[in-house]
Amino acid sequence: MKQLFRLIATIAIAIAVSATASAQYVYSPNLAVGVKAGATLSRMTFSPEVTQKFLPGFIAGASVRYTEENHFGLIGEINIEQRGWQEDFEEYSSDFNYQHTLTYIQIPLLTHIYFGSKTCKFFINLGPEFGYMISDHVKANFDYNDIASIPDFPRGYRTNEQLAMKVSNRFDYGISGGLGVELIAAKRNSILLEGRFYYGLGNIYPSSKRDFFSASRGMSIEITLGYMFRIK
């Protein structure tokens, strides 16, 4: 997994360097601003493993995009996004429900690669993302602080330490990559549909050798619909 992220980071740096070098020969900048909103499916990478399902959520935000005629550009965004996880008890019982929703302010800084016609363009976005957790909410139909008193609760059969554990790290960082299509409705207006994957590299729980979890990182799948207005 670490080798995969090193490869993604290397590709992102190579793209950025290539875009900078190309800009020395062709310089016709476009500047656009926009908004977007959509849905997310998220879960966590825990070690030891936690039995879980994807948690549905939402994402909404604003963006600034700077592009060149040579098919490269940069995007900066600020988004509010719900992430987290949903516990999966179906193997043991369908009577329990637990959802842990983590709401972040996220700031992706992405390399933008695009190609196509004047009316329809396809694009790839790739780069780092930074965030800060502004909300931490648990929804459950049982007392997760005292599972020992709950009859038939699957203790000893699954990892349960995360149920009552408090988040200790609100800062997050990771890598985002997305594919999408942009439809240019008029000279300065366009509609974008994008699917994006985020893999977090920061842990929400302590991860030293004496702590229970060595990894507690978020990941999410995002589907968004956006609008961009070209101002230059």
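Residues numbered from 1 in each chain as written. Predicted model: local features only at pLDDT ≥ 70, side-chain atom pairs only at ≥ 80, totals over all residues. Heavy atoms only, no water.

K.L.:
What is the right way to look at the layout of surface pockets in this model?
P.N.:
In this approach the atoms are scanned with a rolling probe the size of a water molecule, which exposes any empty space left behind. Approximately 480 Å³ is the volume attributed to the largest pocket. Around the largest pocket sit 22 residues that line it, and Asn30, Arg65, Lys121, Ile184 and Arg230 are the ones nearest its centre. Considered class by class, the residues forming the lining of the largest pocket number seven nonpolar, six polar and nine charged. (1 Å grid on protein atoms, 1.4 Å probe; cavity = no way out; pocket = protein on both sides within 12 Å on 5 of 7 lines; lining within 4 Å. Points joined across faces, edges and corners; volume = space filled by probe spheres on them. Nonpolar A, V, L, I, M, F, W, Y, C, P; charged D, E, K, R; others polar.)

K.L.:
When you look at the pairing of strand 6 (residues 120-140) in this model, what are you seeing that I'm missing?
P.N.:
For a regular strand, side chains alternate in direction, first toward one face of the sheet and then toward the other. One ladder, built from 17 bridges, connects strand 5 (residues 98-116) with strand 6; its direction is antiparallel. What sits directly across from Phe115, in strand 6, is Phe122. Between strand 5 and the antiparallel strand that follows it, strand 6, lie three residues. Relative to strand 7 (residues 171-184), strand 6 runs antiparallel, the two sharing 13 bridges. Bridge pairing in strand 7 places Cys120 opposite Leu183. (Pairing = 2+ DSSP bridges. Helix = DSSP H or I, 4+ residues; strand = E, 2+ residues; numbered from the N terminus.)

K.L.:
Is there a simple way to think about empty space enclosed by the protein in this case?
P.N.:
Within this structure, the stated rule accounts for two cavities of 30 Å³ or more. Its boundaries defined by the atoms lining it, the largest cavity holds a volume of some 170 Å³. If you go around the largest cavity, you meet 17 residues; those closest to its centre are Lys36, Ser63, Glu77, Leu192 and Glu194. Contributing elements (two or more residues each) for the lining of the largest cavity: strand 1 (30-47), strand 3 (55-67), strand 4 (72-87), strand 6, strand 8 (189-200) and strand 9 (215-230). Of the residues forming the lining of the largest cavity, the biggest block, five residues, is contributed by strand 9. Contributing to the lining of the second largest cavity are Met44, Arg83, Leu102, Tyr104, Asp172, Gly202, Ile204 and Gly218. The class makeup of the residues in the lining of the second largest cavity is four nonpolar, two polar and two charged.

K.L.:
Could you clarify how one ought to interpret the side chain of Thr224 in this entry?
P.N.:
Take Thr224: it is sitting in strand 9. By relative accessible area, which is 6% here, Thr224 ends up buried. If near-sequence neighbours (up to four positions away) are discounted, Thr224 is found in contact with Lys36, Ala37, Gly38, Ile59, Leu192, Leu193 and Glu194. (Buried < 20%, exposed > 50% of the residue type's maximum accessible area, 1.4 Å probe, protein only. Contact = heavy atoms within 4.5 Å.)

K.L.:
Help me understand unusual backbone geometry in this model?
P.N.:
Here the bond from Ser47 into Pro48 is cis, since omega is 5°, no more than 30 degrees from zero. Inspection of the secondary structure puts Pro48 in the loop between strand 1 and strand 2 (52-53). Unusually for a residue other than glycine, Asp152 sits at a positive phi of about 65°. Residue placement: Asp152 occurs in the loop between strand 6 and strand 7.

K.L.:
Looking at this model, I keep getting lost on the environment of Arg230. Mind explaining?
P.N.:
Relative to the helices and strands, Arg230 resides in strand 9. Each residue touching Arg230, except ones within four places of it in the same chain, is listed here: Asn30, Leu31, Ala32 and Arg188.

Keep in mind that these numbers describe shape and distance, not what the molecule does.
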